[in-house]
Amino acid sequence: MKSIGVGILGLGTVGSGVVKIIKNHQDKLMHQVGCPIEVKKILVKNITKERDVEVSPNLLTTDVNEVIEHPEVDVVIEVMGGIEETRSYILAALRNKKHVVTANKDLVAVYGSEIHKLASENRCDFYYEASVAGGIPILRGLVDGLSSDKITKLMGIVNGTTNFILTKMSKNGSPYEEVLAEAQALGFAEADPTSDVEGLDAARKMAILATLGFSMNIDLSDVTVKGITQITEEDLNYSKRLGYTMKLIGIAQQDGEKVEVSVQPTLLPDEHPLSSVNDEYNAVYVFGEAVGETMFYGPGAGSLPTATAIVSDLVAVMKNMRLGVNGQSSISPQYEKSLKEHSDIFSKYFLRIHVKDQVGSFAKITTIFSSHGVSFEKILQLPLKEKDLAEIVVVTHRASLQDYEEILQHLSDSDVVAQVKSSYRVEGDGVQ
Ligand code: HSE
């Protein structure tokens, strides 16, 4: 059988990893697909730049058309990043009947359904395993491994930078800025780390996971997002004291026909499987009606881990080529999107409130919660250094988001409340 030709857009950290895996694992790849894989052309910005992978200069080009129009390129691997320009290259490649594999979560979260459509019209494959949680085969885990089950909940630590920051802040007491700089130096933070720390990177990945998990077109704008920049040392200390671990968690949950998808700092009981996912590691906890709890764990970024996911997609394309079924594996969503109202979203909450240290303050706070039918599961009250103020930390029983938002409003309006210092969702306490 003739070889399969590959064109690569981008030769940065991940692109170099792809070249290395194709070269170093050639025997195993050949055994699986029955023919050699040959890199035919690679799009780069600078041909003469020094790289940490050996590539013949003849393979490099600065003209994208030399890759996406190359007659011997069967599969285009996109690892250059970016959204608009990259989208146009991918669409052009598909029109040229090239299969496309990408690691680009930003692009898939926004243009995934458009690209899928064009891919099937052209009988081409479009795969993006590396776009969520790097080296963890979670998309295939959902789409193939759990295809017979009904997924009702996905909880993900899908951003390594924020997990690294929260781990170091809570275990070593390291300051936020210092740990963020370390994450940047280690290379897993985005070029602009705002999208990591404000939760956008995780939101993109959750939109992809929820779309596949619930077979429903979930857009990025359907994901409510809160990042980690407001988290203080006090929040982390109280979490620990109450037996919780703070993580930036993506939650996608289905109840009946309706779904909710969010990314937010969340307290998990220390014994929850996601609580022990530390440093830059990622994990996705999946609850299926029949299978129950499962968890996928591993590196969410990095050159070789991400490249393994990309080359596995390449193998999937090649197996489809052998069977003549390219472009037929993407199943269009089964359900119309149906998002929950705030009155349908239930959770426990942690709140840290500064109140006037006077008779009756606590009773007034309790009344605000009880008038919405919300009771406390845990309470701590401590005097503060500031004169006349006390700090109350509570964990509520389950409440609807609508009630909770009204409670927050009443607390800020109350004459005994100096400030609601922080408030977080609490998950994983017995209810999936
Ligand atoms: N910035 C991302 C992270 C890289 O920290 O997880 C992988 O998508």
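The shown structure was predicted, so the numbers you read here are calculated from the model rather than taken from an experiment. Along each chain, residue indices are assigned from 1 in the same order as the chain's sequence is written. In keeping with the model being predicted, local features are shown solely for residues with a pLDDT of at least 70 and side-chain atom pairs are shown and tallied solely at 80 or more, while totals for entire chains, interfaces and linings include all residues. Working from all heavy atoms in the structure, the side-chain values ignore hydrogens and water.

**Section: the packing of helix 6 (residues 138-145) against helix 10 (residues 200-214)**
Only the stretch in contact is used when a helix axis is fitted, and all axes are lines through C-alpha atoms; the angle between N-to-C directions ranges over 0 to 180 degrees. The helix and strand labels rest on DSSP assignments: H or I over at least four residues marks a helix, E over at least two residues marks a strand, and numbering proceeds from the N terminus. Between helix 6 and helix 10, whose axes approach to 9 Å, the crossing angle comes to 10 degrees. It follows that helix 6 is roughly parallel to helix 10 by the angle criterion. Read as a crossing pair, helix 6 and helix 10 show a hand that is left-handed. Residues Ile138, Leu139, Leu142 and Val143 of helix 6 form the contact with helix 10, whose own contacting residues are Ile208, Leu209, Leu212 and Gly213. Following the grouping adopted for this structure description, the nonpolar residues are Ala, Val, Leu, Ile, Met, Phe, Trp, Tyr, Cys and Pro, the charged ones are Asp, Glu, Lys and Arg, and the polar ones are all others, Gly among them. Here the contact of helix 6 with helix 10 is composed, by residue class, of 7 nonpolar, 1 polar and no charged. Here the angle decides the label: under 35 degrees means roughly parallel, over 145 means roughly antiparallel, 65 to 115 means roughly perpendicular, and every other value means oblique. Take the far helix as the reference: if the near one is turned anticlockwise from it by less than a right angle, the crossing is left-handed, and if turned clockwise, right-handed. What makes two residues a contact is simply this: any of their non-hydrogen atoms within 4.5 Å.

**Here's the deal with the packing of helix 1 (residues 13-24) against helix 12 (residues 303-323)**
Their axes nearest at 8 Å, the elements helix 1 and helix 12 cross at an angle of 60 degrees. By the angle between their axes, helix 1 is oblique relative to helix 12. As helix 1 runs across helix 12, the sense of the crossing is right-handed. Between helix 1, through Thr13, Val14, Gly17, Val18, Lys20, Ile21 and Ile22, and helix 12, the contact on the second element is made entirely by Ser303, Leu304, Thr306, Ala307, Thr308, Ile310, Val311 and Leu314. Here the residues of the contact of helix 1 with helix 12 are counted per class, giving 9 nonpolar, 5 polar and 1 charged.

**With respect to the side chain of threonine 152**
By the secondary structure assignment, threonine 152 is in strand 7 (residues 151-157). Beyond its immediate sequence surroundings of up to four residues, threonine 152 is in contact with Phe214, Ala252, Gln253, Gln254, Phe287 and Glu289.

**Points about the sheet that holds strand 1 (residues 4-9)**
Note: two strands are recorded as paired if DSSP finds a minimum of 2 bridges between them. Across the sheet, 6 strands lie side by side as 3-2-1-4-5-6; this open sheet has parallel pairing. The outermost strands of the open sheet, each flanked by one partner alone, are strand 3 (60-61) and strand 6 (126-127). Pairing geometry for strand 1 and strand 4 (residues 75-78), over 4 bridges, is parallel. Across the sheet, residue leucine 9 finds its bridge partner in strand 4, namely glutamate 78. Across the sheet, helix 1 touches strand 1, strand 2 (37-43) and strand 4, and the angle it forms with strand 2 is around 165 degrees.

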